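An overview of the molecular structure
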Amino acid sequence: MPQINLIEGITLALAHEMARDPAVVVLGEDVGVNGGVFRATVGLQQKFGAERVIDTPLDEAMIAGLAVGLAAQGMRPVAEAQFEGFMYPMIDQIASHAARMRTRTRGRLTCPAVFRAPWGGGIHAPEHHSEAIEALFTNIAGLRVVIASSPGRAYGLLLAAIRDPDPVIFFEPKRIYRQYKEDVADDGEALPLDVCFVLRDGWDVTLVTWGAQVKETLEAADALAAEGIRAEVIDVATLKPLDFDTIHESVKKTHRCVIVHEAPYTGGFGGEIAARLAEHALYDLHAPVERVAGYDVPMPLYKLEMNYLPNVARIVAAAKRALAAG
Amino acid sequence: MSIAASFEIEYLQYLDESGTLLGEDAPAFARDVRALVDAYKLMCFTRVFDGKAIALQRTGKLGTYASCLGMEATYVAIGSALTEDDVFAPFYRDYGAQFQRGVKPREVLLYWGGDERGNDFSGPAHDFAWCVPIATQCLHAAGAALAFKIRKEPRVALATVGDGGTSKGDFYAAINAGGAFALPLVVVVVNNQYAISIPRAQQTAAKTLAQKGIAAGIESVQVDGNDLVAMHVALDHAIKRARHGHGASLIEAVTYRLSDHTTADDARRYRSEDEVTAAWEREPIKRLRAYLQGMNAWTDAEEKDWLAECARRVDAEIDAYLETRAPPVTAMFDHTYAELPLDLERQRADALATAKG
Ligand SMILES: Cc1ncc(C[n+]2csc(CCOP(=O)(O)OP(=O)(O)O)c2C)c(N)n1
Ligand SMILES: [Mg+2]
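Rules and cut-offs
Residues numbered from 1 in each chain as written. Chains lettered and ligands numbered in written order. Predicted model: local features only at pLDDT ≥ 70, side-chain atom pairs only at ≥ 80, totals over all residues. Heavy atoms only, no water. Near = heavy atom within 4 Å. Polar contact = N/O pair within 3.5 Å; in protein donor to acceptor, adjacent residues only side chain to side chain. Areas by Shrake-Rupley, 256 points an atom, 1.4 Å probe, with all protein chains shown as cover. Nonpolar A, V, L, I, M, F, W, Y, C, P; charged D, E, K, R; others polar. Contact = heavy atoms within 4.5 Å. Buried area = accessible area lost by both parts, 1.4 Å probe. Salt bridge = Lys/Arg side-chain N within 4 Å of Asp/Glu carboxyl O. Helix = DSSP H or I, 4+ residues; strand = E, 2+ residues; numbered from the N terminus. Expected span 1.5 Å × (residues − 1). Buried < 20%, exposed > 50% of the residue type's maximum accessible area, 1.4 Å probe, protein only. Arc of directions from axis to C-beta. Donors = N, O, S within 2.8 Å, 3.2 Å for Na, K, Ca; no water. Domains from an automatic or database assignment. Axes fitted to C-alpha atoms, helices over the stretch in contact; angles between N-to-C directions. Left-handed = near helix turned anticlockwise from the far one by under 90°. Parallel < 35°, antiparallel > 145°, perpendicular 65-115°, else oblique. Pairing = 2+ DSSP bridges. Right-handed = clockwise from strand over helix to strand, strands pointing away. Phe/Tyr/Trp six-rings, centres within 6.5 Å; stacked < 30°, edge-to-face > 60°. Lys NZ or Arg CZ within 6 Å of the ring centre and 35° of its normal.

Quick look at the site of ligand 1 now. Within the structure, ligand 1 sits among 21 residues, and A:Glu60, B:Tyr92, B:Arg93, B:Asp163 and B:Tyr194 are positioned closest to it. Of the chains in the model, those with residues near ligand 1 are chains A and B. At 2.6 Å from an oxygen atom of ligand 1 is found a side-chain nitrogen or oxygen belonging to B:Arg93. Between a nitrogen atom of ligand 1 and a main-chain N or O atom of B:Ile134, the distance comes to 3.1 Å. Alone, ligand 1 offers 570 Å² of accessible surface; in the complex the protein occludes 97% of this. Looking at the shell around ligand 1 residue by residue, the class counts come to 10 nonpolar, 6 polar and 5 charged.

In structure tokens, the structure reads:
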């Protein structure tokens, strides 16, 4: 089994699916000859040709609109935005068309497209290259919103996203693209798009997170463990549709929950999870739900980005507040 | 059959690759030795700055940096064509224009060094800040031009955009607005032949980028962007027209990006050494120097002294950049709104407490 990092998991899944299904095409800026600015599509154009790995002119609205057209006519486009901060022009096509193609045509036309983008902060990138914008998409009915947080889950979830009959927003936490390697078999096994992943069992407190914050959250769990506190860590992975049951089961056991995400606090997807806990799990909770999130300010340029992003200390402190309450 | 419309795109060049003045109809500017020497010196300064900024990035003292190597004539010409009252809407490698507007090299470095204070630069307070989301700045310039028109001010808004940027809807919308409203707008397409790895020929099937302006109904011209004289003449004409109420124009400046796209890029992946070597033959500084020396307006000794002076000035700016203390953690809350809302005050306190540990 090859040892690969997260971005290699993306490349492997794309190559696997392109080989298996001739309808799969990759399109975006610099994805072909250059292999993508992060190297996610490296080697694909040599293997599958310029007609299936398409270097596009520079326009994200165009890329998204082409993907809608391709998908509606039987192709399986995987459209890339070079950075999540350049997805905004895609939103018209995604919200007005991709997300509702099936609904508005009563199933006559569909949109099995994937819109993938490197996501989030922490790599000293220039302005507009570091945003966590998943909540813009979780509020659009008809989309799936997925964030991979390990090499294996990148591979398995991207396979599932491409095979899914509906549009999928697929985010890749660029900060952990090359964080570590793990064994990933290129076996074409997709992971389910409707479950959370319990990364660590625990019984004292539930830590719920996704994306690059999985790293800090696991480190916080280690720090808590050193003090004898056993935290359960859940990677939500697919934010929409949400597998609330897995989170609820955990909270029934721990009675305390901390939600961690790097997107801004207000309107962040943590608010949705907290609301569901209030609706369905209030009597299971022994403490108020805690949220550790980015602040409600534009993502600062890189000198301050690590002060913006949740860190281990903030997660541990929130967990301790939850443990001290009730 | 009759012709519904027809058009031509003029190509403007006065100084050829070797620095020889072409044709009989040389503009007066081509004989304005003082202006030419000033422009030449600025082009050299810009290049010295650029080289040192790249070196700073390579030694870990600067974030990703977008070089302007090879585009100095285009940008310096823009800087000298605008007045202080005009509005400049740059994209991200327009330093040669911005230095003339008072932007300090240390401010460029602050921006790429991850500090918003770079955007609060010493240039005209009404100028727009660097603009990374491709082509969006074109519409800001159009909006600014609309404001000038409404208020009947004799001011011009100028936006720059790359060859890649001309594929984007924002660009088309901006030049269309420029035509539809007859705005005091000039859009300069800095055609440096690449949008990261995508060569110009793959960006559009259009023969020139200038002709996109024809569809918008605005005056459009293609210019040798490595020829300072031609750039000056084209800009002077477009800006005068705009200022006197004759509407918007488009200038396609044909140049070449001699550097990588940014310091995060490796251009060897997608273009040949031969192509780059050939492009060096057409670069703007060499040709203007040859022209000036042909007129005995610039000596080797002056060249040597000036380059040393540029290095000294840039080094002083780099020192100032390196000595700038990081912004405090709370800076990310400043300027989110005119006044900090109560709701954000709690978050600010949390950020401060976390930073203090
Ligand atoms: C909307 C948007 N999409 C993608 C990018 C990433 N990106 C940065 S520069 C660039 C190429 C721009 O090429 P061009 O317009 O020719 O300008 P140049 O950099 O060559 O001067 C791309 C794709 C971006 N900044 N904004
Ligand atoms: Mg370009």
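Picking up after the structure, the text goes on.
Once that is clear, we can look at the interface of chain A and chain B. On the chain B side, the residues contacting the 34 residues of chain A number 43 residues. Counting each side, the surface lost to burial between chain A and chain B is near 3,100 Å², with a carbon and sulfur contribution of 60%. The largest contributions to the chain A side of the interface with chain B come from A:Leu58, A:Tyr295 and A:Lys303, which together make up 20% of the buried area. The tally of links from chain A across to chain B stands at 1 salt bridge. With a closest N to O distance of 3.4 Å, A:Arg314 and B:Asp350 form a salt bridge. Here chain A is connected to chain B by 14 residue pairs in polar contact (both at pLDDT 80 or more).

Residue and element names in this part refer to chain B. Compared with the 21 Å implied by 1.5 Å per residue over 15 residues, the 22 Å span of helix 13 (residues 342-356) between its first and last C-alpha is a close match. By the burial criterion, the buried members of helix 13 are Leu344, Gln347 and Ala351. In a view along the axis of helix 13, the buried residues occupy a sector of 60 degrees, so they form one face of it. Across from the buried face of helix 13, at angles greater than 90 degrees, the exposed residues are Leu342, Arg346 and Lys356. Note on helix 13: the residue one or two positions beyond its end, glycine 357, has a positive phi of about 80 degrees.

What follows concerns the coordination of the magnesium ion (ligand 2). Residues and elements named next belong to chain B. Only Asp163 (OD), Asn192 (OD1) and Tyr194 (O) from the protein coordinate the magnesium ion (ligand 2), and they sit 2.0 Å from it. Mapped onto the polypeptide sequence, the residues donating to the magnesium ion (ligand 2) form the spacing pattern D-x28-N-x1-Y. Separated by 29 residues along the polypeptide, aspartate 163 in the loop between strand 3 (157-162) and helix 6 (169-180) and asparagine 192 in the loop between strand 4 (185-191) and strand 5 (194-195) bring together distant segments of the chain. The class for asparagine 192 is buried, based on a relative accessible area of 5%.

Before going further, it helps to examine the domain arrangement of chain A. Residues and elements named next belong to chain A. As assigned here, chain A comprises domain 1 (3-183) and domain 2 (197-324). One C-alpha centre belongs to domain 1, the other to domain 2; they are set 26 Å apart. Between domain 1 and domain 2, the contact holds 30 residues from the first and 28 residues from the second. Across the interface of domain 1 and domain 2, roughly 2,200 Å² is buried in total on both sides, 60% from carbon and sulfur atoms. Linking domain 1 to domain 2 there are 2 salt bridges. Across the pair arginine 175 and glutamate 216 runs a salt bridge whose closest N-O atoms are separated by 2.8 Å. Linking domain 1 to domain 2 there are 12 residue pairs in polar contact (both at pLDDT 80 or more). Elements represented by at least two residues in the side of domain 1 that touches domain 2 include exactly helix 6 (134-138), strand 6 (144-147) and helix 7 (151-163). In terms of residue class, the side of domain 1 that touches domain 2 is made up of 16 nonpolar, 8 polar and 6 charged.

For the rest of this paragraph, the subject is the packing of helix 1 (residues 6-20) of chain A against helix 7 of chain A. Residues and elements named next belong to chain A. Two elements in contact, helix 1 and helix 7, have axes separated by 8 Å at closest approach and are oriented at 35 degrees. As for the relative orientation of helix 1 and helix 7, their crossing is right-handed in sense. Mapping the contact onto sequence places Leu6, Gly9, Ile10, Leu12, Ala13, Leu14, His16, Glu17 and Arg20 in helix 1 and Pro151, Ala154, Tyr155, Leu158, Leu159, Ile162 and Arg163 in helix 7.

Checked against the element boundaries, B:Ser249 lands in strand 8 (residues 249-254). Discounting chain neighbours no more than four positions away, the residues touching B:Ser249 are B:Leu185, B:Val186, B:Val187, B:Ile218, B:Glu219, B:Ala238 and B:Arg241.

It is worth spelling out the pattern of salt bridges at this point. Residues and elements named next belong to chain A. In this structure the tally under the stated criterion is 39 salt bridges over all chains. Salt-bridge contacts for glutamate 172 lead to arginine 116; the nearest nitrogen and oxygen are separated by 2.5 Å. Within this pair, whereas glutamate 172 is found in strand 7 (residues 168-173), its partner arginine 116 is found in strand 5 (residues 114-119), the two being separated by 56 residues in sequence. Each member of the pair, glutamate 172 together with arginine 116, is buried. Taken together, the shared-partner salt bridges connect Arg175, Lys215, Glu216 and Glu219 into one network.

Moving on: the packing of helix 5 (residues 136-150) of chain B against helix 6 of chain B. If you want to describe how two helices pack, look at the angle between their axes and the distance between the axes. Residue and element names in this part refer to chain B. Running from N to C, helix 5 and helix 6 point in directions that differ by 20 degrees, and their axes come no closer than 7 Å. When the axis of helix 5 is compared with that of helix 6, the two are roughly parallel. When you trace helix 5 past helix 6, the crossing you get is left-handed. Along its contact with helix 5, which presents Thr136, Cys138, Leu139 and Ala142, the element helix 6 presents Asp170, Phe171, Ala173 and Ala174. A per-class count over the contact of helix 5 with helix 6 returns 6 nonpolar, 1 polar and 1 charged.

The two faces of the sheet receive side chains in turn, since in a regular strand these alternate between them. Residue and element names in this part refer to chain B. Taken across its 6 residues, strand 8 has 5 buried, putting it largely inside the fold. As paired strands, strand 7 (residues 219-224) and strand 8 are joined by 6 bridges and run parallel to one another. The residue bridging valine 221 from the neighbouring strand is isoleucine 251, located in strand 8. In this fold, the crossover linking strand 7 to strand 8 by way of helix 9 (residues 228-243) has right-handed handedness.

This paragraph deals with the sheet that holds strand 3 of chain B. Residue and element names in this part refer to chain B. A sheet is described by the order of its strands in space; here 6 strands give the open sequence 1-7-8-4-3-2, paired in parallel fashion. A single partner strand is all that each edge strand has here, and the edge strands are strand 1 (11-12) and strand 2 (87-89). One ladder, built from 6 bridges, connects strand 3 with strand 4; its direction is parallel. Bridge pairing links leucine 158 to valine 186 in strand 4. Running over the sheet, helix 5 touches strand 2, strand 3 and strand 4 and is turned about 170 degrees from strand 3. Across the sheet, helix 6 lies against strand 3, strand 4 and strand 8, angled at about 145 degrees from strand 4, the strand it touches most.

Turning next to the packing of aromatic side chains. By the definition in use, this model includes 21 aromatic pairs over all chains. Grouping aromatic residues by their ring pairs yields a cluster made of B:Phe45, B:Phe49, B:Tyr65, B:Tyr95, B:Phe99, B:Tyr111, B:Trp112, B:Phe121 and B:Trp130. Lying across the ring of A:Phe197, A:Arg153 places its NZ or CZ 5.7 Å from the centre. The residue whose ring lies beneath A:Arg291 is A:Tyr265, and the NZ or CZ to ring-centre distance is 4.1 Å.

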